[in-house]
Amino acid sequence: MAESAATVAALAKLGVTGPFDLGIVLGTGLGPLADDIEDPVQVSYADIPGFPAGHVSGHAKQLVAGRLAGKRVVSLNGRAHYYERGDSGAMRLPVATLAGLGCRQALFTNAAGSLNEALGPGSLSLISDHINYSGRDPLIGDPDDARFVSLTDAYDPALRAVMKAAAAAEQVTLGEGIYVWFSGPSFETPAEIRMAKIIGGDIVGMSTVPEVILARRFGLKVIALSMLTNLAAGIQGSSPSHDETKAVAASGGAAMRRLVRNFIGRLP
């Protein structure tokens, strides 16, 4: 892929060569998933030309390539967010690089807030669809018709079925719902959460949606998994904080690690 050719060439000199069976993007507090990768090649984002530095605690800012559950995987441990610089395309090059490394499917993970009292802190949920409440789109300014990306079944039904089978095998409770993207970095107000529920939301967060749009632009099949770190603002008196997000994501990581490993092992 021309857009990421220079980055892919630079990574090859650092020992990262495709093709890979799966690309993974790890969100806040979920970096330990990368510790399961065998025979890892680790590259700091700072050593990858054009990669965003990112300035959010809980993100290691490191690419890790190797094998997991018998498959070749490349993991982006940490992401850049729209709220850091006001750029919805902040993850354009990293996502293009996954495609350039030969990935044809990608798993996005995040820490998010729950609108469902039955899915409290520490729960896991698939994303079945999203609502781009921020209105920002990383393809604004693209010069050709490739920008008109269809987002019907953006969260691939077949991959979601594989994840559900993995959850059943691991006896991990797995929810499923619609993710509402707020720009952040401030958390949502209780009034905004009530609105999100009215328009059909189940999960709220500050990431993932721009990356999914980019992934579909570059031809990747997508699956996304949220670690629900808190009840959203106003639900049972909840008042979210970033410290809570990091702590719960870290403590709930064991179930996610088992689930993701089983999922990867089931991929063709």
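Residues numbered from 1 in each chain as written. Predicted model: local features only at pLDDT ≥ 70, side-chain atom pairs only at ≥ 80, totals over all residues. Heavy atoms only, no water.

Draft legend 1. Expanded view of the nonpolar core. Ranked by size, the top nonpolar core spans 43 residues in total, and within it Val 16, Leu 63, Val 74, Leu 76, Phe 108, Tyr 155 and Leu 220 carry the most contacts. Looking at this core, the elements with two or more residues in it are β3 (62–68), β4 (71–77), α3 (92–100), β5 (105–114), β7 (174–181), α6 (209–217) and β9 (221–231). Among residues more than four places away in sequence, those in contact with Tyr 155 are Ile 127, Ser 128, Asp 129, His 130, Arg 160, Val 209, Val 212, Val 222 and Ala 224. Counting 27 residues, the second-largest nonpolar core is a separate cluster that includes Leu 26, Leu 159, Met 256 and Leu 259. (Core = buried A, V, L, I, M, F, W, Y, C linked by side-chain atoms within 4.5 Å. Buried < 20%, exposed > 50% of the residue type's maximum accessible area, 1.4 Å probe, protein only. Helix = DSSP H or I, 4+ residues; strand = E, 2+ residues; numbered from the N terminus. Contact = heavy atoms within 4.5 Å.)

Draft legend 2. Geometry of the packing of helix α1 (residues 5–13) against α3. Interhelical geometry of α1 versus α3 gives an angle of 70 degrees and a closest axis separation of 9 Å. Viewed along their axes, α1 and α3 adopt a mutual orientation that is roughly perpendicular. In the crossing of α1 with α3, the sense of the turn from one axis to the other is right-handed. Residues Thr 7, Val 8 and Leu 11 of α1 form the contact with α3, whose own contacting residues are Leu 93, Thr 97 and Gly 100. Of the residues contributing to the contact of α1 with α3, the split by class is 3 nonpolar, 3 polar and no charged. (Axes fitted to C-alpha atoms, helices over the stretch in contact; angles between N-to-C directions. Parallel < 35°, antiparallel > 145°, perpendicular 65-115°, else oblique. Left-handed = near helix turned anticlockwise from the far one by under 90°. Nonpolar A, V, L, I, M, F, W, Y, C, P; charged D, E, K, R; others polar.)

Draft legend 3. Layout of the packing of aromatic side chains. In total, this model carries 3 aromatic pairs according to the counting rule given. Pairing Tyr 45 with Phe 51 gives two aromatic rings, centres 5.3 Å apart and planes at 70 degrees, and the pair type is edge-to-face. When sorted by exposure, Tyr 45 lands in the same class as Phe 51, which is buried. Pairing Tyr 133 with Phe 182 gives two aromatic rings, centres 4.9 Å apart and planes at 45 degrees, and the pair type is tilted. In this pair, Tyr 133 is assigned in the loop between β6 (123–131) and α4 (157–170) and Phe 182 in the loop between β7 and α5 (190–198), connecting sequence segments 49 residues apart. Taking relative accessible area as the criterion, Tyr 133 reaches 38% and is therefore assigned partly exposed. Residue classification places Phe 182 among the buried residues on the basis of a relative accessible area of 7%. Looking at Arg 72, its charged tip hangs above the ring of Phe 20, at a distance of 4.3 Å from the centre. (Phe/Tyr/Trp six-rings, centres within 6.5 Å; stacked < 30°, edge-to-face > 60°. Lys NZ or Arg CZ within 6 Å of the ring centre and 35° of its normal.)

What is shown is where atoms sit, not what they do.
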